[in-house]
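Now for the letters of each chain:
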Number of protein chains: 2
Amino acid sequence: MNTPHLECPVPLSYRTEITVGHGGGGKLTQELIDTIFRPAFANDALESQHDGAVMPFAKKRMAFTTDSHVVSPLFFPGGDIGSLAVNGTINDLLMCGARPLWMSAGFILEEGLSLETLDKIVKSMAKTAKESGASIVTGDTKVVERGKGDSLYVTTAGIGIIEHNHIIGPYSINEGDVIIVNGDIGRHGMAIMASREGLEFESTIESDCASLLKPVEALLNSGITIHCMRDLTRGGLATTLVELAKTSKCLFTLNEASIPVTDLVRGACEILGFEPMYVANEGRFACIVPEKDADKALAILNEVAPELCPAVIGKVGPKDRGVVYLTSIIGTERVLDRLSGEQLPRIC
Amino acid sequence: MNTPHLECPVPLSYRTEITVGHGGGGKLTQELIDTIFRPAFANDALESQHDGAVMPFAKKRMAFTTDSHVVSPLFFPGGDIGSLAVNGTINDLLMCGARPLWMSAGFILEEGLSLETLDKIVKSMAKTAKESGASIVTGDTKVVERGKGDSLYVTTAGIGIIEHNHIIGPYSINEGDVIIVNGDIGRHGMAIMASREGLEFESTIESDCASLLKPVEALLNSGITIHCMRDLTRGGLATTLVELAKTSKCLFTLNEASIPVTDLVRGACEILGFEPMYVANEGRFACIVPEKDADKALAILNEVAPELCPAVIGKVGPKDRGVVYLTSIIGTERVLDRLSGEQLPRIC
């Protein structure tokens, strides 16, 4: 139950209904996108397979993205559904290299939700948006009957402006690039898991839920070349990198020993049978840059938040089938796959 | 139960939880916005109290809007949740005088939803967007467990570009303006009601769910002055006009005899105890123009879709407390109020 399902899933063509795994952000989600959404909505922006859409507007470009949030519980150590919903959309814009400007919020409330809870969440959204310089400019509220929802779901959309000339996205990834993460992984998923199950460890695991505005701005302003940025949300580091490898058709090689994980998260993962690489994050991203710029990028991330332990974790090899190899701590090699179903339902 | 609740509701400050009425688009929804959302998200775009936000971008302006959709049933005569979600957002952009360009879609799927149903809805969304020249460029999917949703909810957001210099919105409404509707009212709400309750009338009532692209483009390109446009969705014609009167602080006078309602809808409303003016529409809007342009505006609407029976239904009087007076068919006068609670839950 708790280990990632990496075996080949039943192909979507043999399925007839939605399973919880279709929301996991892994292989099943990708199948759903590939077989149902992408063919129907076909357009260039969708084909870029990035976290958001980048569209030309007058002489500039803008980014546009959306995320629905169904996290349970609504409040957890390190955040709540409000801060998560705002940071999730802000981070997707930042991953497109865009400065977040405007946001929308669509609420689906369940009859009986306490107004105090709603107020707390709305205030958390406002505070979180302000911290990243974004405004929530439009919204909508619907209410469903008791038993047709779960307290509160919120869908945010965001618009950002792209003010530089970097072409950031999976298609810019090249042989010789270096893969860097901005900090230790696995916190958000384990914080939700512990909070949901009422588990206690030596100390509380706090979600890493945070805006990536500062590290991304620092990287964009540094003059280095950035090929790709991607946040490590549902499906975790492993699923994200497998997706990027597949889209860029490049071979990625990772060194497990260099991937930062705190002892607390590693311990919790071991007890519960999770692999940190597949656990969701909400304030971590992979940044892929040419080798010549790797030291500078790492130095910038270290300057912004040294306590997160940013690290170079791997390299991009030649174009091939787009596979990720992991060299384990004991020196063995294996091919990483996407998470197939759902490791932790309703993680975000 | 079925008649609109127009009596004074318990003020929000005395309530502690969400009721179905908070999703009705009437007085309770407005209270929720005024006491919880607007204070938290305070910014100029929100303060304009329009259907979407209008933001400057380079030398042009753009509009941004969102709507969550929870309509039940998913399929109904004249449309489905997919066409409704796309037209809802497109129409909100059009009401800002914007040409719809880009859309996002955030799905919240319930475990067990059939893939065939999802596919049908997604295809309906794609077709509907294409018909109005919009592209769905980014999206997200979450899955919730059985019993934590109701098959499928979808939140769409949209971006449109404003290419003219009209200042369209409630603050542009002035004494002497004329109020026009583009067609007969009450179809959507009665179609949902009949379909939900399995009611049969002489013929099927079809929802008016449709894009307002054609009439709005024709009005914008005609050279007339447009002061305000607003679609007559949740809460119907009456609630919409009360909101516009309150925001503009003008006196509106309506002539009930001139409000177009089909015999079929009128009959169904009488049987079920609804007032057509409070029933939701999904393809109707009020257009408020200076008196000198009223004939031309009506002629344009008649040219685009004469079968809908567009009509001048009232006038804007002097600035006062922002009240709507209705002269009934038998000549009596009454003040209209917003719908207070929910007339038909999950109408859109």
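Owing to the predicted nature of the structure, the values given are computational and were not obtained by experimental measurement. (Residues numbered from 1 in each chain as written. Chains lettered and ligands numbered in written order. Predicted model: local features only at pLDDT ≥ 70, side-chain atom pairs only at ≥ 80, totals over all residues. Heavy atoms only, no water.)

(A) Looking closely at the relation of the copies chain A and chain B. Between the two copies, chain A and chain B, the superposition gives an RMSD of 0.0 Å; the rotation angle is 180 degrees and the shift along the axis is 0.0 Å. Each copy turns onto its partner about a two-fold axis. By C-alpha distance to the rotation axis, the residue of chain A lying nearest is Gly149 of chain A, at 2.2 Å. A shared binding surface is used by both copies, with 100% of the interface residues of chain A retained as interface residues in chain B. (Least-squares fit on C-alpha atoms with pLDDT ≥ 70 in both. Contact = heavy atoms within 4.5 Å.)

(B) Geometry of the domain arrangement of chain A. All names here are of chain A. Entries for chain A in the domain assignment read domain 1 (51-162) and domain 2 (170-336). Taking the mean C-alpha position of each, domain 1 and domain 2 sit 24 Å from one another. Residue-level contacts link 21 residues of domain 1 with 22 residues of domain 2. Taking both sides of the interface into account, the surface hidden between domain 1 and domain 2 amounts to around 1,700 Å²; carbon and sulfur atoms contribute 61%. On the domain 1 side of the contact with domain 2, Pro77, Leu94 and Met95 bury the most area, a combined 33% of that side's loss. Taken together, the connections running from domain 1 to domain 2 amount to 0 salt bridges. For the pair domain 1 and domain 2, the interface holds 6 residue pairs in polar contact (both at pLDDT 80 or more). Listing elements by their share of the side of domain 1 that touches domain 2, those giving two or more residues are strand 3 (75-76), helix 3 (81-95) and strand 5 (99-110). Take the side of domain 1 that touches domain 2: its biggest share by element is 8 residues, from helix 3. Classifying every residue of the side of domain 1 that touches domain 2 by side-chain character gives 10 nonpolar, 7 polar and 4 charged. (Domains from an automatic or database assignment. Buried area = accessible area lost by both parts, 1.4 Å probe. Salt bridge = Lys/Arg side-chain N within 4 Å of Asp/Glu carboxyl O. Polar contact = N/O pair within 3.5 Å; in protein donor to acceptor, adjacent residues only side chain to side chain. Helix = DSSP H or I, 4+ residues; strand = E, 2+ residues; numbered from the N terminus. Nonpolar A, V, L, I, M, F, W, Y, C, P; charged D, E, K, R; others polar.)

(C) Region of interest: the interface of chain A and chain B. Taken together, the 76 residues of chain A in the interface contact 76 residues of chain B. Interface area for chain A against chain B, summed over the two sides, is near 6,600 Å², with a carbon-plus-sulfur share of 71%. The salt bridge involving Lys148 of chain A is made with Asp150 of chain B; its shortest N-O contact spans 4.0 Å. There are 21 residue pairs in polar contact (both at pLDDT 80 or more) connecting chain A and chain B. When residues of the side of chain A that touches chain B are assigned to their parent elements, the largest contribution, 10 residues, is made by strand 6 (residues 135-144) of chain A. When the residues that make up the side of chain A that touches chain B are grouped by side-chain class, the tally is 39 nonpolar, 21 polar and 16 charged.

(D) Region of interest: the state of the cysteines. Residue and element names in this part refer to chain B. According to the stated counting rule, one finds 0 disulfides over all chains in the structure shown. Between Cys250, a cysteine without a disulfide, and Cys228, which holds the nearest cysteine sulfur, the sulfur-to-sulfur distance is 11 Å. We classify Cys250 as buried; its relative accessible area is 0%. Left without a disulfide partner, Cys309 is nearest to the cysteine sulfur of Cys269, which lies 16 Å away. On the accessibility criterion, Cys309 (44% relative accessible area) is partly exposed. (Disulfide = S-S within 2.5 Å. Buried < 20%, exposed > 50% of the residue type's maximum accessible area, 1.4 Å probe, protein only.)

(E) Examining the sheet that holds strand 10 (residues 250-255) of chain B more closely. All names here are of chain B. On the basis of which strands lie adjacent, the open sheet formed by 7 strands has the order 9-11-8-12-10-13-14 and mixed pairing. What marks the edges here is a single partner per strand, and that holds for strand 9 (228-231) and strand 14 (333-336). Across this sheet, the average inter-strand angle for adjacent strands is 25 degrees, counted without regard to direction. Together, strand 9 and strand 11 (285-290) form the strand contacts of helix 3 (residues 81-95), whose direction differs from that of strand 9 by roughly 165 degrees. (Pairing = 2+ DSSP bridges. Axes fitted to C-alpha atoms, helices over the stretch in contact; angles between N-to-C directions.)

(F) How the structure looks around helix 1 (residues 27-41) of chain B. Compared with the 21 Å implied by 1.5 Å per residue over 15 residues, the 20 Å span of helix 1 of chain B between its first and last C-alpha is a close match. Remark: the principal bend of helix 1 of chain B, roughly 40 degrees, maps to Ile33 of chain B. (Expected span 1.5 Å × (residues − 1). Bend = angle between axes of the 7 residues up to and from the residue.)

(G) Inspection of the sheet that holds strand 8 (residues 177-181) of chain A at higher detail. Residue and element names in this part refer to chain A. One open sheet accounts for 7 strands, arranged 9-11-8-12-10-13-14; its pairing is mixed. Among the strands making up the open sheet, the edge pair consists of strand 9 (228-231) and strand 14 (333-336). Looking at each pair of strands side by side, their axes are set apart by 25 degrees on average, direction ignored. Bridge count between strand 8 and strand 12 (residues 311-319): 4 bridges; the pairing is antiparallel. If you follow Ile180 over to strand 12, its bridge partner there is Val312.

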